[in-house]
Structures are given as structure tokens and as C-alpha cells.
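# Close look at the chain arrangement
Letter by letter, the chains look like this.
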Amino acid sequence: MTTHHPRQFPVILMTGTPGTGKSTTAALLASSSSIPLVQLNISDIVKEKSFHEGWDEEWNSWTLDEDRLLDYLEDVINPRDAPASTGFIIDHHSPSMYPERWIDLAVVLRTDNEILYRRLEDRKYKANKIQENVSAEIMEVISAETRESYEPEIVVELRSDGLVDNEMDDNVRRIEEWCVNWIKNSAERGEAQADVDAEESDE
Ligand SMILES: Nc1ncnc2c1ncn2[C@@H]1O[C@H](COP(=O)(O)OP(=O)(O)O)[C@@H](O)[C@H]1O
């Protein structure tokens, strides 16, 4: 069994339908935050490390080897020897496969249907893939899956339409503020636990 060190920095799941802005928001957060945060772009990792069982023609995507991916991520997020020296942003459209104990905050990005349609068209997605993703956004599929997978108090939905000035900067600032609080609270939890341990050893 793996022994986990208490994490010093939070793990954020950045999820949403493809095209809602996960990778762009995660990259901005990782590059601008005062807290060390590393972006884990799951699609890139799956491709680079071949954590897949081949190409699925029907779905036009890789068939994920979930076990190998999760084993790899466990070592990155919860290294055996010492706590990770950074926090992480898991950037993925599939929210439900991660262990609850990994995720401290789950951010679901939401985008207006017509805007999402245009973004996916710009990406040269095939018509059926655009339709499938826009329908998923209308049906709130990722949002529902995220809420089924994590406690309600750690799930946050943010608009990512690009209609309001500085929307992405504001989203990034909100997440950063949340991270600062998480670090402060986890330091207090650590001190409280140390007090309990000291009292118990006195008895
Ligand atoms: N809030 C936003 N404001 C303006 N443009 C956005 C916003 N969110 C995403 N975009 C644009 O939409 C496109 C898709 O974003 P991307 O980060 O690749 O989405 P995802 O990682 O969810 O597939 C990019 O061109 C990005 O610049």
C-alpha cells in the first residue's frame, strides 16, 4: 500500500466540454499564478506516453488505457518519497475517472452553444463531432458527471464565453484566490493535527 504525504499544494480538476477553454485557462493559471501549479494536459500525456489501446475510428479518438494513466498520475501527484513540490491542474474533458482523494477543487467551464459551435468549427472538427459536443454541452453532461463524482462544495462552474472583458483573467484570479485559501487552511489543519499528536504523546 502506498503511504501518502499530505499535499502542500492543491490539485485542481479543470473540466468541461471540448472547446470550453480548459487548456487555455489552465495554461494561463499555471503561468500567472503566484502558487506553483503544473498543468497536466491529459490528452497530450495519453498521446506522448502511449497510454492508449489504439485509435477508435468510430469516436475519432484514442481508446484510453485508464489503469496505466492513473498509475502514472499517482506517482506524479503523490510521489512516494516526499510531497510534490507543486500543485497540479488536471486538464481533461472526462471528470469521473479520478480518485476523489486527488481532487481538491473541480472547475467546470461552461460555454454558450453557438460560441462553442464556432470554436469547434474553427478547429475543423467534423460536423458529427461538433454536434455531439454541442449537444453534450446543452445537456450539461460534464457538469452532471462532475457533480456525481465529487462533493458539491468542491465543484465550481465558471462561464467561459469570452463575451465579457477579462473573463479568463477573472476566472484565473478566482481559482488562484481559492488556492491561497486552500494552502492557508491546510497549514492550519496541519498545525491542529500536530497539537493533537503532541497531546496524545503527553498522555
Ligand atoms: N473565456 C474565453 N474567452 C475567449 N476565448 C476563449 C475563452 N475560452 C476559450 N477560448 C478560446 O476557445 C478556443 C478553445 O479553447 P481551449 O482552451 O483549446 O478549449 P479546451 O481545452 O476546453 O478544448 C481557443 O481558441 C481559446 O482561445
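The preceding data block contains the structure.
Heads up: these notes are all about the structure in this document.

We now examine the sheet that holds strand β6 (residues 105-110). Strand pairing within a sheet occurs via backbone hydrogen bonds; the two strands may be parallel or antiparallel. Reading across the sheet, the five strands line up as β2-β5-β1-β6-β7 and stay open at both edges, with parallel pairing between neighbours. The sheet is open, and its two borders are formed by β2 (37-41) and β7 (155-159), each paired with just one other strand. Across the sheet, the axes of successive neighbouring strands diverge by a mean angle of 20°, strand direction being ignored. Taken together, the four bridges between strand β1 (residues 11-15) and β6 define a ladder with parallel strand orientation. Bridge pairing in β6 links Leu13 to Ala106. Strands in contact with helix α1 (residues 22-32) are β1, β2, β5 (87-91) and β6; relative to β2, the strand with the most contacts, it is inclined by about 160°.

With that out of the way, let us pick up the site of the ligand. Taken together, 14 residues form the shell around the ligand, and within it Gly19, Lys22, Ser23, Thr24 and Arg123 come nearest. In this structure, Gly19 approaches the ligand through a main-chain N or O atom, which is 2.8 Å from an oxygen atom. Measuring from an oxygen atom of the ligand, one finds a side-chain N or O atom of Thr24 at 2.4 Å. Relative to its unbound accessible area of 560 Å², the ligand is 70% covered by the protein chains. Taken together, the elements giving at least two residues each to the shell around the ligand come down to α1 and α7 (167-202).

Calculation criteria
- Residues numbered from 1 in each chain as written.
- Predicted model: local features only at pLDDT ≥ 70, side-chain atom pairs only at ≥ 80, totals over all residues.
- Heavy atoms only, no water.
- Pairing = 2+ DSSP bridges.
- Helix = DSSP H or I, 4+ residues; strand = E, 2+ residues; numbered from the N terminus.
- Axes fitted to C-alpha atoms, helices over the stretch in contact; angles between N-to-C directions.
- Contact = heavy atoms within 4.5 Å.
- Near = heavy atom within 4 Å.
- Polar contact = N/O pair within 3.5 Å; in protein donor to acceptor, adjacent residues only side chain to side chain.
- Areas by Shrake-Rupley, 256 points an atom, 1.4 Å probe, with all protein chains shown as cover.

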